[in-house]
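# Descriptive analysis of the structure
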Amino acid sequence: MDLRIFTEPQQGASYDTLLTVAKATEELGFDAFFRSDHFLKMGGGDGLPGPTDAWITLAGLARETRRIRLGTLMTAGTFRLPGVLAIEVAQVDQMSGGRVELGLGAGWYEEEHAAYGIPFPKERFARLEEQLEIVTGLWSTPAGQTYDHHGTFYQLTGSPALPKPAQPKVPVLIGGHGARRTPRLAARYADEFNIPFASVEDTERQFGRVREAAEAIGRAPDELVYSNAMVACVGKDEAEIARRAAAIGREPDELRANGLSGTPAEVVDKIGRYAEAGSSRMYLQILDLHDLDHLELISSAVLPQLG
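If you're wondering where the values come from, they're calculated on a predicted model, not measured in any experiment. (Residues numbered from 1 in each chain as written. Predicted model: local features only at pLDDT ≥ 70, side-chain atom pairs only at ≥ 80, totals over all residues. Heavy atoms only, no water.)

The next point concerns helix α2 (residues 54–64). Buried within α2 we find Ala54, Trp55, Thr57, Leu58, Ala59, Leu61 and Ala62. Two or three places before Trp55, at the start of α2, stands the capping residue Asp53, its side-chain oxygen 3.0 Å from that residue's backbone nitrogen. (Buried < 20%, exposed > 50% of the residue type's maximum accessible area, 1.4 Å probe, protein only. Helix = DSSP H or I, 4+ residues; strand = E, 2+ residues; numbered from the N terminus. Polar contact = N/O pair within 3.5 Å; in protein donor to acceptor, adjacent residues only side chain to side chain.)

Written as structure tokens, this is what we have:
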């Protein structure tokens, strides 16, 4: 089971804070540092100092880290034209020496679009499918050849399909709870399928749908990585668990029910149940980015027990 650190900077984080967490992620032995792609806070708090751009952040981290994978859960398809996104991700992959992964979703948070003047079209899922075709098509076009796409939403003519990523193939993540279209899209385009904030039962059910969709198009289901994203709140004892829960505005019992919360032993046990459901990678949503002792505890008391 891989453990990856997943942050939500729109809730309030500067680049320097994210850099500190990314360096701790690397030093403490975690597999990757991922971040959300949002421009507006959610829920309480003031969101200060304001949003940071996901791919500008990852470009900086690409030069400041050496080992960890870097990526998004999930880049919003509404924020960037697919040709531009392909260029951005390829460049950051080059800057990192081939450590980037692209999580790409349809975009859902209408308020942030209104706040920053970003169009919020109705046909977002259909656009996402076309975006995935374009981004992966640009990257896979051999050097010296051109790429064309004549779709419903986007037209590309004679694209040199440059630059290329450092990796032969940048891993693409697709995720969500949709019962029909999401598994079909994952089966066609994804290297990894992620289900966020789901129970063990819902995880097993959704993984099954993705596997069925892969088989339906002649793809081996085991070609995909299956993963979860869960809020983390780990403490050595009840007092520490309660303190960390209060710091993120949550209750210990609720976090135990809906996240990876409790003592290290409890968290290891729950991760084991997700592993039995088919998950091989867990994204730990860390909401208090100033509590580096939290990461150290997970690294020392949870990570070694996962094999």
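Having put the structure on the table, let's press on.
Here we come to the packing of aromatic side chains. All chains considered together, the criterion is met by 6 aromatic pairs. The structure contains a cluster of three or more aromatic residues connected by ring pairs, namely Phe39, Phe79 and Tyr116. (Phe/Tyr/Trp six-rings, centres within 6.5 Å; stacked < 30°, edge-to-face > 60°.)

In this structure, the largest pocket occupies an estimated 1200 Å³ of space. Together, 48 residues line the largest pocket, and Glu8, His38, Met42, Trp108 and Phe197 are the ones closest to its centre. The set of elements that each furnish at least two residues to the lining of the largest pocket consists of β4 (75–76), β5 (100–105), α5 (124–140), β8 (172–175), α6 (181–189), β9 (192–196), β10 (225–234) and β12 (281–286). At 3 residues, the largest contribution of residues to the lining of the largest pocket is made by α5. Of the residues belonging to the lining of the largest pocket, the class tally is 20 nonpolar, 20 polar and 8 charged. (1 Å grid on protein atoms, 1.4 Å probe; cavity = no way out; pocket = protein on both sides within 12 Å on 5 of 7 lines; lining within 4 Å. Points joined across faces, edges and corners; volume = space filled by probe spheres on them. Nonpolar A, V, L, I, M, F, W, Y, C, P; charged D, E, K, R; others polar.)

Before going further, it helps to examine helix α8 (residues 238–247). Among the residues making up α8, those that are buried are Glu240, Ile241, Arg244 and Ala245. Angular distribution of buried residues about the axis of α8 spans 135°; they occupy a single face of the element. Away from the buried face of α8 by more than 90 degrees, exposed residues Ala239 and Ala246 are located. Looking at the buried residues of α8, the elements they touch are β10, α9 (252–258), β11 (260–262) and α11 (292–301). For α8, the side-chain oxygen to backbone nitrogen distance between the N-cap and Ala239 is 3.3 Å, and the N-cap itself is Asp237. Gly249 occupies a position one or two residues after α8 and carries a positive phi of about 70°. (Arc of directions from axis to C-beta. Contact = heavy atoms within 4.5 Å.)

Let us look at the pairing of strand β3 (residues 69–72). Going residue by residue along β3, you find Arg69 and Gly71 tucked away on one face and Leu70 and Thr72 tucked away on the opposite face as well. Pairing geometry for strand β2 (residues 32–35) and β3, over 4 bridges, is parallel. Its bridge partner being in β3, Phe34 is matched across the sheet by Gly71. This β-α-β element, β2 to α2 to β3, shows right-handed connectivity. Pairing geometry for β3 and β5, over 2 bridges, is parallel. If you follow Gly71 over to β5, its bridge partner there is Glu101. (Pairing = 2+ DSSP bridges. Right-handed = clockwise from strand over helix to strand, strands pointing away.)

Across the 6 residues that make up β12, a large majority, 6, are buried. Burial along β12 is two-sided: Arg281, Tyr283 and Gln285 facing one way and Met282, Leu284 and Ile286 facing the other are all buried. In the sheet, strand β1 (residues 2–7) pairs with β12 via 6 bridges, with the strands oriented parallel. When the bridges of β12 are listed, Thr7 appears paired with Ile286.

So, about the nonpolar core. In this structure, Leu3, Trp55, Leu102, Trp139, Leu284 and Ile298 are the most contacted members of the largest nonpolar core, which totals 72 residues. With 7 residues, the top contributor of residues to this core is α5. One finds Ala32, Leu173, Ala229 and Tyr283 within the second-largest nonpolar core, a separate group that totals 7 residues. (Core = buried A, V, L, I, M, F, W, Y, C linked by side-chain atoms within 4.5 Å.)

Let us look at the pattern of salt bridges. Going through the model one piece at a time under the given rule, you end up with 24 salt bridges. Between Glu240 and Lys236 there is a salt bridge; the shortest N-O distance is 2.8 Å. The exposure class of Glu240 is buried, given its relative accessible area of 12%. Among the charged side chains, a salt-bridge network with shared partners connects Lys236, Glu240, Arg243, Arg244 and Asp291. (Salt bridge = Lys/Arg side-chain N within 4 Å of Asp/Glu carboxyl O.)

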